[in-house]
Amino acid sequence: KSWSMGGAPDPPELRGITPRMNDALFEKIKEESVGTKRFLVMCSYFEIYNEIIFDLLNPVADRGKLGGGLQIKEHPVLGIYVKDLTEIVAENSQKLEDLLDN
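Description of the structure in this document. (Residues numbered from 1 in each chain as written. Predicted model: local features only at pLDDT ≥ 70, side-chain atom pairs only at ≥ 80, totals over all residues. Heavy atoms only, no water.)

Our next topic: unusual backbone geometry. In this structure, the amide linkage connecting Asp10 to the following residue, Pro11, adopts the cis form with an omega of -10°. Turning to its location among the elements, Pro11 is positioned in the loop between helix H1 (2–6) and helix H2 (17–32). The phi torsion at Asn50 lies on the positive side, around 50°, for a residue other than glycine. Residue placement: Asn50 occurs in the loop between strand E2 (46–49) and strand E3 (52–55). (Helix = DSSP H or I, 4+ residues; strand = E, 2+ residues; numbered from the N terminus.)

Have a look at this one:
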C-alpha cells in the first residue's frame, strides 16, 4: 500500500497516487483561478493504527504518552472531524510533498 500511495520521486512514471493527485489538484486550481476566484488548500495527515489515531504532521515522541490517540467528533454544521488534528495551508504541490516526506 505504501508504494502505491507514495511511489518513488524519479523517474516520474514511478510516482505514486498521492504525488500525482497533488500535482493534478494544483494544476486544476491554476486553471480555475480566474478573476476573483481563489482556492484554499488545507492539509492534514493522520494514521489509524490499532484503532488509535495519530497526527503525522505533529507526532508525539513517545506514542505511549498519547494514551488513546486523537478523537473523532461530530459537529452539527461541519460534520465529522478529528479533534486537535494539525491542519496546514499548502500553496503548491511541492509543499504537500515536503509535508508528507517529513
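Before going further, it helps to examine helix H3 (residues 93–101). Restricting attention to buried positions, one finds in H3 the residues Ser93, Leu96 and Leu99. One face of H3 carries all of its buried residues, which in axial projection span an arc of 120°. Contact partners of the buried residues in H3: H2, strand E1 (42–43) and strand E6 (88–89). Looking at where H3 begins, the residue whose side-chain oxygen comes 3.1 Å from the main-chain nitrogen of Gln94 is Asn92. (Buried < 20%, exposed > 50% of the residue type's maximum accessible area, 1.4 Å probe, protein only. Arc of directions from axis to C-beta. Contact = heavy atoms within 4.5 Å. Polar contact = N/O pair within 3.5 Å; in protein donor to acceptor, adjacent residues only side chain to side chain.)

This structure, assessed with the given rule, holds five salt bridges. In this structure, Asp23 and Arg15 form a salt bridge, with 2.6 Å as the shortest nitrogen-oxygen distance. A relative accessible area of 19% places Arg15 in the buried class. Across the pair Lys95 and Glu91 runs a salt bridge, and its minimum N-O distance is 3.7 Å. Under the relative-accessibility criterion, Lys95 is labelled partly exposed at 28%. You can call Glu91 exposed: its relative accessible area is 54%. (Salt bridge = Lys/Arg side-chain N within 4 Å of Asp/Glu carboxyl O.)

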